[in-house]
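The primary structure of each chain is shown beneath.
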Amino acid sequence: MAAPKVAVVGAGLIGLSTALCITETCPSCSVTVLSDQFSPNTTSDVAAGILIPHTYPDTPIHVQKQWFKETFSHLFAISNSAEASEAGIHLVSGWQIFKNTPKQQLPFWSDVVLGFRPMSEAELQKFPQHRFGQAFTTLKCDCPPYLLWLEKRLKASGVQIYARKVADLWELHGEYNIVVNCAGIGAHQLVGDKKLFPIRGQVLKVQAPWVKNFIREGDGLTYIYPGIDSVTLGGTREKDNWSLSPDPGTTQDIFDRCCSLEPSLRGAQVVKVKVGLRPSRQCVRLQREVLSQGGVKLPVVHNYGHGSGGFSVHRGTAKDAAHLVGECIAALQGSSSRAKL
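Quick caveat, the model's predicted, so the values are computed rather than measured. (Residues numbered from 1 in each chain as written. Predicted model: local features only at pLDDT ≥ 70, side-chain atom pairs only at ≥ 80, totals over all residues. Heavy atoms only, no water.)

Right, let's get into the UniProt feature "domain: FAD dependent oxidoreductase" (unreviewed entry) in the chain. In the numbering adopted here, UniProt assigns the feature "domain: FAD dependent oxidoreductase" (unreviewed entry) to residues 5–324. Between the end C-alpha atoms of residues 5–324 there is a gap of 15 Å, over a span that is 27% helix and 33% strand. (UniProt positions renumbered as here; feature names shortened; annotations may be inferred. Helix = DSSP H or I, 4+ residues; strand = E, 2+ residues; numbered from the N terminus.)

Moving on to the packing of aromatic side chains. Aromatic ring pairs are described here by two measures, namely the spacing of the ring centres and the angle between the planes. Under the defined criterion, the tally for this structure stands at twelve aromatic pairs. Centroid distance Tyr146 to Phe311: 6.3 Å. Interplanar angle 50 degrees. Geometry classified as tilted. Taken together, the positions of Tyr146 in helix 5 (residues 143–156) and Phe311 in helix 8 (residues 310–340) put the pair 165 residues apart, joining distant regions of the chain. A single burial state applies to Tyr146 and to Phe311, both of which are buried. Centroid distance Tyr223 to Tyr225: 4.7 Å. Interplanar angle 10 degrees. Geometry classified as stacked. A connected cluster of aromatic rings, assembled from ring pairs, spans Trp109, Phe116, Phe136, Phe214, Tyr223 and Tyr225. The ring of Phe197 carries the charged tip of Lys239 above its face, separated from the ring centre by 4.5 Å. (Phe/Tyr/Trp six-rings, centres within 6.5 Å; stacked < 30°, edge-to-face > 60°. Buried < 20%, exposed > 50% of the residue type's maximum accessible area, 1.4 Å probe, protein only. Lys NZ or Arg CZ within 6 Å of the ring centre and 35° of its normal.)

So, about the pattern of salt bridges. With the rule as written, the count across this model stands at 18 salt bridges. In this structure, Glu262 engages Lys126 in a salt bridge whose closest nitrogen and oxygen atoms are separated by 2.9 Å. Residue Glu262 is located in the loop between helix 7 (248–261) and strand 13 (269–293), and its partner Lys126 is located in the loop between helix 4 (121–124) and strand 5 (132–141); the two are separated by 136 residues in the primary sequence. The class of Glu262 is buried, set by a relative accessible area of 13%. (Salt bridge = Lys/Arg side-chain N within 4 Å of Asp/Glu carboxyl O.)

Further remarks concern the nonpolar core. Formed by 59 residues in total, the largest nonpolar core has its most connected members in Ile22, Val33, Tyr146 and Val325. When residues in this core are grouped by element, the largest group, eight residues, is from helix 8. Of all hydrophobic cores here, the second largest spans 21 residues; its members include Phe127, Ala208, Ile215 and Leu265. (Core = buried A, V, L, I, M, F, W, Y, C linked by side-chain atoms within 4.5 Å.)

What follows deals with the environment of Val113. Relative to the helices and strands, Val113 is located in the loop between strand 3 (89–98) and strand 4 (114–118). Of the residues examined, Val113 reaches a relative accessible area of 5% and is grouped as buried. As a C-alpha pair, Val113 and Gln125 span twelve residues in sequence and 24 Å in three-dimensional space. Discounting residues that sit within four places of it in the chain, Val113 has contacts with Leu51, Phe68, Phe72, Phe136, Thr137 and Thr138. (Contact = heavy atoms within 4.5 Å.)

Here we take up the pairing of strand 14 (residues 296–306). Among the eleven residues of strand 14, nine are classified as buried, and the element is accordingly described as predominantly covered. Examined bridge by bridge, strand 7 (residues 178–181) and strand 14 share three bridges and lie parallel to one another. Pairing of Val179 across the sheet is with Val300, part of strand 14. In terms of strand pairing, strand 13 meets strand 14 through ten bridges, oriented antiparallel. Paired with Gln293 across the strands is Val296, a residue of strand 14. Where strand 13 hands over to strand 14, the hairpin turn is made up of two residues, of which Gly294 adopts a positive phi near 55 degrees. (Pairing = 2+ DSSP bridges.)

The next subject is the packing of helix 1 (residues 13–25) against helix 5. The packing of two helices is summarised by the inter-axis angle and the distance between the axes. Axis separation between helix 1 and helix 5 bottoms out at 10 Å; the angle between their running directions is 30 degrees. Relative to helix 5, the element helix 1 is oriented roughly parallel. When the axes of helix 1 and helix 5 are compared, the crossing they make is left-handed. From helix 1, Leu13, Leu16, Ser17, Ala19, Leu20 and Glu24 reach across to helix 5, where they touch Tyr146, Leu147, Leu150, Glu151, Arg153 and Leu154. Classifying every residue of the contact of helix 1 with helix 5 gives eight nonpolar, one polar and three charged. (Axes fitted to C-alpha atoms, helices over the stretch in contact; angles between N-to-C directions. Parallel < 35°, antiparallel > 145°, perpendicular 65-115°, else oblique. Left-handed = near helix turned anticlockwise from the far one by under 90°. Nonpolar A, V, L, I, M, F, W, Y, C, P; charged D, E, K, R; others polar.)

Written out as structure tokens, the structure reads:
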């Protein structure tokens with residue numbers, strides 16, 4: 001069998017990472033990325049890009065932890081390299097704070113991030129409305145530079161990247177042997193996934209170079225994440241809201257909430273307001289499927305539905321998806337050798 005042709009649909013964080021992992025684990029493949037949206041116009045470009053996992057209710061915790069460990073190790077290695085600045089990755093320390101002490105004081109990821117510990121009484125005095133907190137160091141990814149860095153890596157590996165809107169996976173049959181669906185919220189229409197729904201997120205980018213530490217409320221709704229060039233303030237979680245237009249009232253609400261945690265932000269200038277639709281479901285859809293039409297088969301690998309937690313697990317799920325592509329290739333090679341017999 002000639003070198004298998006793999007099409008990856010989607011050029012956000014998940015699509016580009018998955019394409020890169022496929023080239024690493026299946027070097028004999030020819031990989032092409034197809035998408036109608038590229039950075040800076042993807043959902044990933046809006047993401048705050050901090051590595052603090054969100055829990056997927058229908059995914060075993062040990063699997064989520066493995067995804068997070070893979071991702072943390074991968075980005076930590078980049079943060080310790082000469083490419084850290086170009087890739088937009090750096091370490092950031094800060095606090096996750098709670099108005100009431102949570103039942104689970106030690107999250108499953110506490111031993112993956114660096115220096116995780118309960119906050120001291122002295123630290124908590126900074127947040128008089130909060131009774132409990134956790135201090136740790138994690139990784140922050142500035143998303144647009146990271147996506148461009150991934151694209152550059154892909155092109156250097158010989159991956160073709162084309163602007164193309166894929167309306168139906170079947171249209172790729174004949175051109176490609178295997179299709180990888182990383183369409184994010186687009187999978188709602190592309191494969192008719194009714195379990196997938198948008199959670200609208202609005203964030204502000206502000207100029208506040210004096211803010212060095214992240215601050216995050218335990219429910220994940222209000223957060224302050226310092227990046228390399230700006231500070232991200234958030235946020236919102238509006239289920240089933242498909243609007244991509246920034247809402248001025250929401251902008252003011254986010255700003256006020258963040259200023260209540262870090263009053264010095266009152267002097268910050270808002271540079272940009274961004275909106276994204278997080279592709280959410282009860283669990284990431286990470287599976288092989290063989291589509292069949294009139295005796296014709298098309299092997300598909302799905303990797304989408306990462307919701308609010310895509311950055312924290314993107315490398316782990318991409319590696320798993322690449323292994324599934326490897327299984328598809330083995331199955332194709334097995335059937336082609338049987339056909340020769």
